[in-house]
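A look at the structure
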Amino acid sequence: MVLLWSLSEPARAQAPDSQGPARLALRAARLFDGKNARLLPDAVVLVEGPSIQAVGTRLPIPPGTRVIDLGDVTLLPGLVDAHSHLLLEVPLDSDGSLLDYVARTSTAERALLGAKLGREMLEAGFTTVRDLGNSGRNGDVALRKAIQEGWVTGPRLSACTRALAPPGGQMDTLQPLAQGLIEEEYATVSGVEAARRAVRQALYDGADCIKVIIDNGPNLLTLEELKAITEEAHRRKRPVAAHATNDDSVRLAVQAGVDSVEHAYSLPEDVLATMARKRIFLVPTDIAAADCVSVGATAADPELRRRLEERCKKGIARQHERLRRAAAAGVPLAAGSDMYGAIPGLTRGQASRRVLTAYAEAGLSPVDILRMATVNAAELLRLHDRLGSLEAGKLADVLAVKGDPLKDLGALEQVRFVMKEGRVVLDARAGEGQAEGPN
């Protein structure tokens, strides 16, 4: 019976769309295309189906095109968060224990949470997110499929499955009976062949990229293990993202030829030229100065709270200094929030945007920061032929914000419109004199 049913369905299921792809025109006062440092005035973006057909000033609009007049806003490419954890949300008022979270939360629960957080990211203007682990056993792959199939609404997801790591992953020392929890979150490797097998397993599981934890306290992967991971991933044309937080691990990452160094809270001077020459990206997962207040907010002792905040501010100053050095050396930069906490009063997307403020506090210009979150991040994810800029042939991922983000990045907090692949996913212009209709 199942066979007969399946044979009778294709004619109906594969019937062509006689109307063809939808044609849209977006009008706006200004446009940042992701590449040029100047805004395009009186902008028109012509969209057909999922793709951009043309971008320009006062472009003629073909008859029969649906026109969406967005008015006094700036259009930008959809934002990209190159370092996120959509299946992880540790309350910041708890002890922040990853072990406790993994022990108490199933991968299925986390995938459902990811659907919620993914929608919040999309509505904040992030149309693409790279999920760098801490997603249980392939929960990110399941979420990616749910978004692709239209079961849930969310950003385009680049999944890396379980991060490769030294024994112990990123967890505290566990008793033997509890060590099985580590493998739920990390693929631990010891030796070159084990490293190659772990990459092959990740690719079999559906990884778009490979995440590797180089340092776990004093426990480092070896250069030979890292080279094996990188070679195996590159053989299958997958980029490698390396969690590296200190001088030793950053040097190992660069020597192994990874595609991006994540965090790099300490960035030795001797690697900068190599990173620039080989286009090894730095993904600085910095925090804004205002967030130092929340670091010690739960401490009952005022003196302890003061010390925690002071330590946070000193850490931020060091991050600013290393980011300025990297930018001056020509190291390619991509934006990554590393957001995994629940911040009261903020959606995941709103919280993730705060990393852009941190870059501004370090002294980077608005145009360079916007490029970090658009065209640069798209290059890092190897999606630059489809994403990252508003130009003909790219996917129609479009964000509209009030104001001019090249003058004030705070404009990104005033999201009025989000489109992903030619489909409107957010239109917050109600009561603002919105105009729409056929041309």
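Everything numeric here is computed off the predicted structure, so don't read it as measured data.

Attention now moves to the pairing of strand β8 (residues 126-131). Counting buried positions along β8 gives six out of six residues, so the element sits mostly inside the fold. One ladder, built from four bridges, connects strand β6 (residues 79-84) with β8; its direction is parallel. Following the sheet pairing, Asp-81 is matched in β8 by Val-129. In this fold, β8 hands off to helix α5 (residues 139-148), which returns the chain to strand β9 (residues 156-159); that crossover is right-handed.

Moving on: helix α7 (residues 192-205). Taking 1.5 Å per residue as the helical rise, α7 with its 14 residues ought to reach 20 Å, and the 20 Å between its terminal C-alpha atoms agrees with that figure. Every buried residue of α7 is listed here: Ala-194, Ala-195, Arg-196, Ala-198, Val-199, Ala-202 and Leu-203. Buried residues along α7 sit in contact with β10 (163-165), β12 (210-213) and α8 (223-235). Gly-206 sits one or two residues past α7 and shows a positive phi near 110°.

This part is about the sheet that holds β9. Read from one edge of the open sheet, three strands run β6-β8-β9, paired in parallel fashion. On the outer flanks of this sheet lie β6 and β9, each paired with one strand and no other. Taking each pair of neighbouring strands and ignoring which way they run, the sheet shows an average axis angle of 15°. Relative to β8, helix α4 (residues 107-123) is tilted by about 135°, and along the sheet it contacts β6 and β8.

Next up on the list: the confidence of the model for the protein chain. On average, residues of the protein chain score 91 in pLDDT, and 90% of them are at 70 or above. Every residue in residues 1-18 is under pLDDT 50, and counting partners more than four places away or in other chains gives zero contacts.

What counts as what
- Residues numbered from 1 in each chain as written.
- Predicted model: local features only at pLDDT ≥ 70, side-chain atom pairs only at ≥ 80, totals over all residues.
- Heavy atoms only, no water.
- Buried < 20%, exposed > 50% of the residue type's maximum accessible area, 1.4 Å probe, protein only.
- Helix = DSSP H or I, 4+ residues; strand = E, 2+ residues; numbered from the N terminus.
- Pairing = 2+ DSSP bridges.
- Right-handed = clockwise from strand over helix to strand, strands pointing away.
- Expected span 1.5 Å × (residues − 1).
- Contact = heavy atoms within 4.5 Å.
- Axes fitted to C-alpha atoms, helices over the stretch in contact; angles between N-to-C directions.
- pLDDT = per-residue confidence, 0-100.

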